[in-house]
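So you can see what is in the structure, the chains are spelled out below.
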Amino acid sequence: MPREFGRATRLSRQIRRDLAGLLQWETSDPRLSSVTVADVEVAPDLACARVHVQLPSEEDQEETLLALRGASRYLRARLAGRLHIRKVPELRFEHDKSPETASRIERLLAGSEGVDGAQ
């Protein structure tokens, strides 16, 4: 019977859980402890993982992303001790914009309801 989820999907979930714990409890940089791991997408060949993170404040976005990219080798090495795979995927951090997009859509829908109600 085929598995419900592929290896990349299972690995994505595991990396997300482990990385969230590492960022919260095992990093010394205070900018990283408030970062939330929203999603992880592992490439089918397991060579790299795009890590979508939600950042605490808008003004420190670039600085926090630079700190994450600087800590990626450390985080990857820590993940190697937790994951049972030969090679841990390269971590590529990206800002997750889905909360801002959802908020914008809600504002647009709220505005269109006012227009429809006025007619």
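Here we summarise the structure given alongside this text. (Residues numbered from 1 in each chain as written. Predicted model: local features only at pLDDT ≥ 70, side-chain atom pairs only at ≥ 80, totals over all residues. Heavy atoms only, no water.)

**A few points about the packing of helix H1 (residues 7-25) against helix H2 (residues 61-82)**
As a reminder, the rule being used: Only the stretch in contact is used when fitting a helix axis, every axis being a line fitted to C-alpha atoms; angles between N-to-C directions are given from 0 to 180 degrees. The helix count covers DSSP runs of H or I at least four residues long, the strand count covers runs of E at least two residues long, and both are numbered beginning at the N terminus. Should an angle lie under 35 degrees it is considered roughly parallel, over 145 roughly antiparallel, and from 65 to 115 roughly perpendicular; all remaining angles are considered oblique. Each crossing is labelled by how the near helix is turned from the far one, with a counterclockwise turn of less than a right angle marking it left-handed and a clockwise turn marking it right-handed. Whether two residues are in contact is decided by their heavy atoms: any pair within 4.5 Å suffices. Each residue is assigned to one of three groups, with Ala, Val, Leu, Ile, Met, Phe, Trp, Tyr, Cys and Pro labelled nonpolar, Asp, Glu, Lys and Arg labelled charged, and all others, Gly among them, labelled polar.
Relative orientation of the contacting elements H1 and H2 amounts to 120°, with a least axis distance of 10 Å. Looking at the two axes, H1 sits oblique to H2. Between H1 and H2 lies a crossing of right-handed hand. Packed against H1, whose contacting residues are Ile15, Asp18, Leu19, Leu22 and Leu23, the element H2 presents Leu68, Leu75, Arg78, Leu79 and Arg82 at the interface. Per-class residue counts for the contact of H1 with H2 are seven nonpolar, no polar and three charged.

**Quick look at the side chain of Asp96**
Stated formally: Exposed residues in this analysis have more than 50% of their type's maximum accessible area, buried residues have under 20%, and partly exposed residues fall in between, with area computed by a 1.4 Å probe over protein chains only. Only four residue types enter the tally: Lys and Arg on the positive side, Asp and Glu on the negative side; His and the chain ends are excluded. By definition here, a salt bridge exists when the distance from a side-chain nitrogen of Lys or Arg to a carboxyl oxygen of Asp or Glu is within 4 Å. In protein, a polar contact means a hydrogen-donor-capable atom and an acceptor-capable atom, both N or O and within 3.5 Å, with residues adjacent in sequence counting only if both atoms are side-chain atoms; elsewhere, any N or O pair within 3.5 Å suffices.
Locating Asp96 in the fold gives a position in the loop between strand S3 (90-95) and helix H3 (98-118). Within the buried core, Asp96 has no salt-bridge partner, and the shortest N-O distance to an opposite charge, that of Arg16, equals 8.9 Å. Only 3.2 Å separates the side chain of Asp96 from the side chain of Gln54, close enough to count as a polar contact. Not counting the four nearest positions on each side in its chain, Asp96 is found in contact with Ala38, His52, Val53 and Gln54.

**Brief notes about the pairing of strand S2 (residues 48-54)**
Note the threshold: Two strands pair if DSSP finds at least two bridges between them. Looking down the strands as they point away from you, a crossover is right-handed if its path from the first strand over the helix to the second goes clockwise.
Across the seven residues of S2, five count as buried, placing the element largely inside the fold. Turn length for the strand S1 (residues 36-42)-S2 hairpin, with the two strands adjacent in sequence and antiparallel, is five residues, and the turn residue Leu46 shows positive phi of about 65°. In this structure, S2 lies alongside S3, joined through six bridges in parallel fashion. Residue pairing in the sheet places Cys48 in a bridge with Glu90 of S3. In this fold, the crossover linking S2 to S3 by way of H2 has right-handed handedness.

**Concerning the environment of Ser12**
Looking at the element boundaries, Ser12 is found in helix H1. Sequence-wise, Ser12 and Ala43 are 31 residues apart; in three dimensions their C-alpha atoms are separated by 9.2 Å. Side-chain polar atoms of Ser12 contact the backbone nitrogen of Val42, separated by 3.2 Å.

**Structural notes on the sheet that holds S1**
Strand order in the open sheet formed by three strands is S1-S2-S3, and the pairing between neighbours is mixed. The sheet is open, and its two edges are formed by S1 and S3, each paired on a single side. For this sheet, the mean inter-axis angle between neighbouring strands, taken without regard to orientation, is 25°. The strands that H1 touches are S1, S2 and S3; relative to S1, the one it contacts most, it runs at about 150°.

**Quick notes on the pattern of salt bridges**
According to the stated counting rule, one finds seven salt bridges in the structure shown. Residues Arg82 and Glu26 are paired through a salt bridge, measuring 2.5 Å at the closest nitrogen-oxygen approach. You can see Arg82 sitting in helix H2 and its partner Glu26 sitting in the loop between H1 and S1, a full 56 residues away along the chain. Among the ionic pairs, Arg31 bridges to Asp29, the shortest N-O distance being 2.6 Å. Within the structure, one salt-bridge network assembled from shared partners comprises Glu26, Arg78 and Arg82.

Everything listed is a geometric property; what it means functionally is a separate question.
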